[in-house]
Amino acid sequence: SSGINAEYGERLYRGITGHMDLETFTKIQMEQAKLRSNTETLKQVFSAFDRSSNGFISKKDFMRAVQEVMPNYCGGEMLFDKADWDADGRISWRDFIGLMGGSS
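Residues numbered from 1 in each chain as written. Predicted model: local features only at pLDDT ≥ 70, side-chain atom pairs only at ≥ 80, totals over all residues. Heavy atoms only, no water.

1. Observations concerning helix α3 (residues 59-69)
Turning to step 1, where the next piece is worked out: Listed as buried for α3 are D61, F62, A65 and V66. Each buried residue of α3 lies within a common arc of 135° when the element is viewed along its axis, so the set occupies one face. Relative to its buried face, α3 has exposed residues pointing more than 90 degrees away, namely K60 and E68. (Buried < 20%, exposed > 50% of the residue type's maximum accessible area, 1.4 Å probe, protein only. Helix = DSSP H or I, 4+ residues; strand = E, 2+ residues; numbered from the N terminus. Arc of directions from axis to C-beta.)

2. Overview of the packing of α3 against helix α4 (residues 76-83)
Turning to step 1, where the next piece is worked out: With their axes 10 Å apart at the nearest point, α3 and α4 run at an angle of 130° to one another. Classified by the angle their axes make, α3 and α4 are oblique. When the axes of α3 and α4 are compared, the crossing they make is right-handed. Seen from α3, the contacting residues are K59, F62, M63 and V66; seen from α4, they are G76, E77, L79, F80 and D81.
Turning to step 2, where the next piece is worked out: A per-class count over the contact of α3 with α4 returns 5 nonpolar, 1 polar and 3 charged. (Axes fitted to C-alpha atoms, helices over the stretch in contact; angles between N-to-C directions. Parallel < 35°, antiparallel > 145°, perpendicular 65-115°, else oblique. Left-handed = near helix turned anticlockwise from the far one by under 90°. Contact = heavy atoms within 4.5 Å. Nonpolar A, V, L, I, M, F, W, Y, C, P; charged D, E, K, R; others polar.)

Printed below as a string of structure tokens:
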């Protein structure tokens, strides 16, 4: 049964790419699954910081979250400014992903 699934997967993959083997395809799919999982985790963190649930993290909420997570950290303002890429005074989802080293 697993041989049939592997054979089907390889045929399907060859049909899509025309040249990649099943092992490479599987590896790529696993990486994509990890990225989706990481994105979901980041969305949960973003939502926890976005206390007003408006899709943005205000400076006040950001500073409060930093204080809760790292009480002795003094660089909250600098970190906020770094995260606020478009300098609009709030952190959007895109800003947040940029800060976390990902892509939206």
